[in-house]
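Given next are the chains, with one letter for each unit.
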Amino acid sequence: MKRNKRTLGFLIPLLWLAGPLAQAQNKPPAPAAPAPVPAAKPAAAAPAAPAAAAPAAAKTDPKREELFGDNKYQLTGVAVSAKGRLFTNYPIWSPVHKYCVVEVTSKTEAKPYPSEELNSWKEGEDGSKKFVSVQAVFIDDQDKLWAVDPANPGFAGVYQESDKLVRINLATNKVERIYPMKGVTDKNSYINDVRVDTKRQVAYMTNSNEGGIVIVDLKSGKTRMVMKGAPPTQTDPAYKFMIGGREVAPGGKPLKVNSDGIALTPDREWLFFKPLTDDKLYKVKTADLRDAKLKDSDLIARVVDLGHVNITDGMEFDKHGNLYMGDMEKNTILKLSPKMDKTMEKTVLVTDARLLWPDSYAVSKDGYLYISTSQVHTAPPFNNGVDKRTLPYGLFRLKIGP
């Protein structure tokens, strides 16, 4: 795999696993990746809404129910179907890897999904028809599973232009369609998360390396990227991302990740998005995103700056318009609720030291918030060589409503 000097390097330090564990599996260590691409300055031109209010005290303390734990492989995503089927995924962040997408079958076991064949890719093979390195999973309101495959193992660059979005029918357990990113992304891109509007047949994804929003026409298959490298999709280089009183700085270099978390309002009229490594939050009208004739400069000017909120990886709306996200600096799960004055009232749902890097979120039809924990910051490169993982990597849920 050819190394690219401009590829994303924000999580490559997790390749510390390439030592004894990789040797035990008779696998060679993965190549190290260079430092991340420097981020641009944050937006200043977008109309700003008032920042979120200070957190209110939690009225209840919902039980954090552990659903699945993996003591070996590092997971990132979570998705739950209308019938309660639970899925997660594993990107190739180290040689300690087996499957990309799995369906959870018990608290400790999972099976490759939708098949072992689709999860069987090896370097040197064609990656266009198999999962290469899946970053996120999502289930839409028609109970279709979507897998985001940046096809960027070890962050060494997109493998043979095989990054893609994959739609799977949960009723048949078959792949329905593959949407390739070829021609829209480049070697340095890292498509990260997805939300789907089934009514308008559009998918929206983030590019967390260069920064940008990818728009996919699900009928025609046409794909384009907007706001690539633009201020709203860039992290603030001056922000210090702190956990446990220490800046998150693998190898002594502050972690910098661009547009990452993404969420659609229940009416699908607004797309919320934010960089991972600063506390800013933005939204933009989906009608503007779908307008292919709109110039990028005009689109950027229509982005609404929601001010400073907190650090989160993923985020998700419930059917009532409440936005759920983490505060990774405080091991906290938050609910942001719209108020009559258009600001967002922030409520702490739960603070738990075991919520180590809450990563992705899903809301089930029966009123649960599902959470994955990937423990990115506990790896030795983030802690002067000390392994601070508290295994397993896990999937949890909290009761949030009817």
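What you see is a predicted model, and the numbers here were worked out from it, not measured in a lab.

Draft legend 1. Structural view of the overall build of the chain. Along the chain, the regular secondary structure elements total three helices and 26 strands. Buried residues in the chain amount to 60% of all 402 residues. Restricting the contact set of the chain to residue pairs at least 6 apart, pairs at least 24 apart contribute 57%. For the chain, the accessible surface area stands at approximately 16500 Å², while carbon and sulfur atoms represent 52% of it.

Draft legend 2. Representation of the sheet that holds strand 11 (residues 202-207). Spatially, the four strands line up as an open sheet ordered 10-11-12-13, and their pairing is antiparallel. With partners counted over all chains shown, the strands left at the sheet margins are strand 10 (191-197) and strand 13 (223-226), one partner each. Strand after strand, the sheet turns through a mean of 25 degrees between neighbouring axes, direction not considered. As defined by bridge partners, strand 12 (residues 213-217) adjoins strand 13 across four bridges and the pair is classed as antiparallel. From the neighbouring strand, Val 216 faces strand 13, where its bridge partner is Thr 223.

Draft legend 3. Summary view of the environment of Lys 274. With respect to the element layout, Lys 274 can be found in strand 17 (residues 270-275). In this structure Lys 274 comes out as buried when scored by relative accessible area, which is 0%. Considering only alpha carbons, one finds Lys 274 and Asp 260, 14 residues apart in sequence, at a separation of 6.0 Å. Leave out the neighbours within four places in its chain, and Lys 274 touches Asn 258, Ser 259, Asp 260, Gly 261, Asp 279, Lys 280, Leu 281, Asn 310, Ile 311, Thr 312 and Met 315. From its side chain, Lys 274 meets the backbone oxygen of Asp 278 in a polar contact 2.7 Å long. Separated by 3.4 Å, the side chain of Lys 274 and the backbone oxygen of Asn 310 make a polar contact.

Draft legend 4. Inspection of the sheet that holds strand 23 (residues 344-351) at higher detail. Taking strand neighbours across the sheet as the criterion, the four strands line up as 20-21-22-23 in an open arrangement whose pairing is antiparallel. Edge positions in the sheet fall to strand 20 (315-317) and strand 23, since each has one partner strand and no second. Between one strand axis and the next, the sheet turns by 25 degrees as a mean value, whatever way the strands run. Pairing between strand 20 and strand 21 (residues 323-327): three bridges, direction antiparallel. Across the sheet, the residue bridging to Met 315 is Met 325, located in strand 21.

Draft legend 5. Spotlight on the environment of Val 101. Position of Val 101 relative to the elements: it lies in strand 4 (residues 101-104). A residue is classified by how much of its surface remains accessible, and Val 101, at 1% relative accessible area, is buried. If we ignore the near neighbours within four places in the chain, the residues touching Val 101 are Thr 88, Asn 89, Lys 111, Pro 112, Tyr 113, Asn 119, Phe 131, Val 134, Val 137, Leu 145 and Ala 147.

Draft legend 6. Structural context of the pairing of strand 9 (residues 174-180). Bridge count between strand 8 (residues 164-169) and strand 9: six bridges; the pairing is antiparallel. Its bridge partner lying in strand 9, Lys 164 is registered against Pro 180. Connecting strand 8 to the antiparallel partner strand 9 that follows it, the hairpin turn spans four residues, and Asn 173 within it adopts a positive phi of roughly 60 degrees.

Draft legend 7. Spatial organisation of the pattern of salt bridges. Counted according to the given criterion, the structure contains 20 salt bridges. Here Lys 130 ties to Glu 125 by a salt bridge, and the two come within 3.4 Å at their closest N and O atoms. Given a relative accessible area of 15%, Lys 130 falls into the buried group. Bridged by salt links that share partners, the residues Arg 64, Asp 352 and Arg 354 form one connected network.

Draft legend 8. Region of interest: the confidence of the model for the chain. Scored by pLDDT, the chain has a mean of 86; 84% of the residues are at 70 or more. The low-confidence segment residues 1-61, where pLDDT is below 50, has 147 contacts with residues more than four positions distant or belonging to other chains.

Draft legend 9. Representation of the pairing of strand 6 (residues 136-139). Residues Ala 136 and Phe 138 line one face of strand 6 and the alternating positions Val 137 and Ile 139 line the opposite face, and both faces are buried. Pairing of strand 6 with strand 7 (residues 144-149) involves four bridges; the strand directions are antiparallel. When the bridges of strand 7 are listed, Phe 138 appears paired with Trp 146. From the end of strand 6 to the start of strand 7, which pair antiparallel, there are four residues, and Asp 143 there has a positive phi angle of about 60 degrees.

Draft legend 10. Region of the structure containing the side chain of Thr 185. Looking at the secondary structure, you find Thr 185 in the loop between strand 9 and strand 10. Of the polar contacts made by the side chain of Thr 185, one reaches the side chain of Asp 163; its length is 2.6 Å.

Draft legend 11. Spatial organisation of unusual backbone geometry. The peptide bond linking Tyr 113 to Pro 114 adopts the cis configuration, its omega dihedral lying at 0 degrees. Among the secondary structure elements, Pro 114 is positioned in the loop between strand 5 (110-112) and strand 6. Pro 392 follows Leu 391 through a cis peptide bond whose omega is 15 degrees. Tracing the backbone shows Pro 392 in the loop between strand 25 (368-373) and strand 26 (393-399). Of note, Ala 151 is a non-glycine position whose phi angle comes to about 50 degrees, a positive value. On the basis of relative accessible area, Ala 151 is assigned to the buried category, the value being 0%. With a phi angle near 60 degrees, Asn 173 is a residue other than glycine that sits in the positive phi range.

Calculation rules
Residues numbered from 1 in each chain as written. Predicted model: local features only at pLDDT ≥ 70, side-chain atom pairs only at ≥ 80, totals over all residues. Heavy atoms only, no water. Helix = DSSP H or I, 4+ residues; strand = E, 2+ residues; numbered from the N terminus. Buried < 20%, exposed > 50% of the residue type's maximum accessible area, 1.4 Å probe, protein only. Contact = heavy atoms within 4.5 Å. Areas by Shrake-Rupley, 256 points an atom, 1.4 Å probe, with all protein chains shown as cover. Pairing = 2+ DSSP bridges. Axes fitted to C-alpha atoms, helices over the stretch in contact; angles between N-to-C directions. Polar contact = N/O pair within 3.5 Å; in protein donor to acceptor, adjacent residues only side chain to side chain. Salt bridge = Lys/Arg side-chain N within 4 Å of Asp/Glu carboxyl O. pLDDT = per-residue confidence, 0-100.

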